[in-house]
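Residues per chain are reported as follows:
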Amino acid sequence: MSRTNVKSPKEIEGMRVACAKAAETLVAVGEILKAGMTTDDINRFVHDDTLARGGVPAPLNYRGFPKSVCTSVNEIVCHGIPSAQVLNDGDIVNVDVTTIYKGFHGDTSATFYIGNPSPIARRVTECARRSLAIGIEEVREGATLGDIGAAIQQYVEGEGFGVVRDFVGHGIGRRFHEDPQVKHYGKRGTGERLRAGMIFTIEPMVNQGTYAVEIDPADKWTVRTADRGLSAQFEHTILVTKKGCEVLTARNAVLRNSENVAALFV
Ligand code: MF3
Ligand code: CO
Ligand code: CO
């Protein structure tokens, strides 16, 4: 285990600000979502809102990603590319915002309801939301990465859903993706021990059916459930402290668009 993943006080302060910007943009986009919009409309909003707050959207041109935000609708697990796709009443859409501000990355996502999703769509979304909260509960100096994964896996599988294995949370800071990898499954007491000053994301993807996923062979980004069941995800950037953690992307704004409120807060 290396010391390099423990941030300095200056880096932590930089991360607090970048994460607050990402959270503000996510709340702002949650307020404007509605049936009839396209995922390109989400992209335009997130791009402009990020710049208006003095930031830069990290996804744009990241390893060739063509847009400024990931928008993942229904059976899309993550890394959905904004397009002319129209949001319909009953859809669920994950919007994953990453802002670079003064060299630091803040990464956060939520799954939103468009109009009135089905009971199963709501159950999958609520399970993803709760699973992130349950993972966060494990975070404190001395706990292990395996404690986080085990808690999430136990909860999600107990609800009868699958938790994705092929994509994980990650360390974050001056780089978008740093060590360690944060698995959303695993065994208690295994893996790296957490130390105060580490910063990483937790971002469980919960599938209605199998946890297996496929990457679109044409665009090499879009991740779909293998069985085409629904999938939902929430993500926070977390600072480990001696007694617990600080959720750097916590949302302290209140959503005015009541349609989407249920899905936003972890
Ligand atoms: N925001 C995603 C994450 O949580 C990563 C997206 S990479 C991109 O790690 F290139 F698709 F933007
Ligand atoms: Co992330
Ligand atoms: Co993200």
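Residues numbered from 1 in each chain as written. Chains lettered and ligands numbered in written order. Predicted model: local features only at pLDDT ≥ 70, side-chain atom pairs only at ≥ 80, totals over all residues. Heavy atoms only, no water.

### Notes on the pattern of salt bridges
Think of it this way: side chains of opposite charge can pair up when their charged atoms draw near. Across all of its chains, the model carries 14 salt bridges by this definition. With a shortest N-O distance of 2.8 Å, Glu13 and Arg16 are connected by a salt bridge. In this pair, Glu13 and Arg16 are both assigned in helix H1 (residues 9-32), three residues apart and thus about one turn of the helix distant. Residue classification places Glu13 among the partly exposed residues on the basis of a relative accessible area of 41%. (Salt bridge = Lys/Arg side-chain N within 4 Å of Asp/Glu carboxyl O. Helix = DSSP H or I, 4+ residues; strand = E, 2+ residues; numbered from the N terminus. Buried < 20%, exposed > 50% of the residue type's maximum accessible area, 1.4 Å probe, protein only.)

### What about the pairing of strand S8 (residues 178-182)?
Sheet analysis places strand S7 (residues 169-171) next to S8, joined by three bridges and oriented antiparallel. Looking at S8, one finds that Gly171 is bridged to Glu178. Joining the antiparallel neighbours S7 and S8 is a turn of six residues. (Pairing = 2+ DSSP bridges.)

### So, the site of ligand 1
Lining the immediate surroundings of ligand 1 are 14 residues, of which Asp96, His170, His177, Glu203 and Glu235 lie closest. In this structure, a nitrogen atom belonging to ligand 1 sits 3.1 Å away from a side-chain N or O atom of Asp96. In this structure, an oxygen atom belonging to ligand 1 sits 2.8 Å away from a side-chain N or O atom of His177. When the free accessible area of ligand 1 is taken as 340 Å², the share hidden by the protein chains comes to 97%. In a pocket analysis with a 2 Å cut-off to the grid points, ligand 1 is assigned to the largest pocket. Per-class residue counts for the shell around ligand 1 are six nonpolar, four polar and four charged. (Near = heavy atom within 4 Å. Polar contact = N/O pair within 3.5 Å; in protein donor to acceptor, adjacent residues only side chain to side chain. Areas by Shrake-Rupley, 256 points an atom, 1.4 Å probe, with all protein chains shown as cover. 1 Å grid on protein atoms, 1.4 Å probe; cavity = no way out; pocket = protein on both sides within 12 Å on 5 of 7 lines; lining within 4 Å. Sits in = over half its atoms within 2 Å of the grid points. Nonpolar A, V, L, I, M, F, W, Y, C, P; charged D, E, K, R; others polar.)

### Some thoughts on the environment of Lys102
You can see Lys102 is positioned in the loop between strand S4 (92-101) and strand S5 (104-113). Accessibility expressed as a relative area gives 69% for Lys102, which makes it exposed. Sequence spacing of Lys102 and Met15 is 87 residues, and the spatial spacing of their C-alpha atoms is 9.2 Å.

### Observations regarding the layout of surface pockets
Of the pockets and cavities examined, the largest pocket occupies roughly 640 Å³. Taken together, 31 residues make up the lining of the largest pocket; nearest its centre are Tyr62, His79, Phe167, His170 and His177. Counting residues per element, the ones that place at least two in the lining of the largest pocket are S4, S7 and S8. The element contributing the most residues to the lining of the largest pocket is S8, with three residues. As a volume, the second largest pocket reaches approximately 170 Å³. Taken together, 14 residues line the second largest pocket, and the ones lying closest to its centre are Ile76, Ile81, Ser83, Gln85 and Thr222. With three residues, strand S2 (residues 70-73) is the largest single contributor of residues to the lining of the second largest pocket. Its residues assigned to classes, the lining of the second largest pocket comprises three nonpolar, eight polar and three charged. (Points joined across faces, edges and corners; volume = space filled by probe spheres on them.)

### With respect to the coordination of the cobalt ion (ligand 3)
The expected angle between donors at a tetrahedral four-coordinate metal is 109.5 degrees. At an octahedral six-coordinate metal it is 90 or 180 degrees. For the cobalt ion (ligand 3), the full set of protein donor atoms is Asp96 (OD), Asp96 (OD), Asp107 (OD) and Glu235 (OE), at a range of 2.1 to 2.4 Å. Because the angles between the six donor atoms bound to the cobalt ion (ligand 3) fall within 58 to 166°, the donor set is best described as irregular. Taken as an interatomic distance, the gap from the cobalt ion (ligand 3) to the cobalt ion (ligand 2) is 3.3 Å; Asp107 donates to each of them. Separated by eleven residues along the polypeptide, Asp96 in strand S4 and Asp107 in strand S5 bring together distant segments of the chain. (Donors = N, O, S within 2.8 Å, 3.2 Å for Na, K, Ca; no water. Tetrahedral: all angles 85-135°; square planar, octahedral: opposite > 155°, others 65-115°.)

### Describing the coordination of the cobalt ion (ligand 2)
For the cobalt ion (ligand 2), the full set of protein donor atoms is Asp107 (OD), His170 (NE2), Glu203 (OE) and Glu235 (OE), at a range of 2.0 to 2.2 Å. Because the angles between the six donor atoms bound to the cobalt ion (ligand 2) fall within 52 to 160°, the donor set is best described as irregular. Counting along the primary sequence, the residues that act as donors to the cobalt ion (ligand 2) give the motif D-x62-H-x32-E-x31-E.

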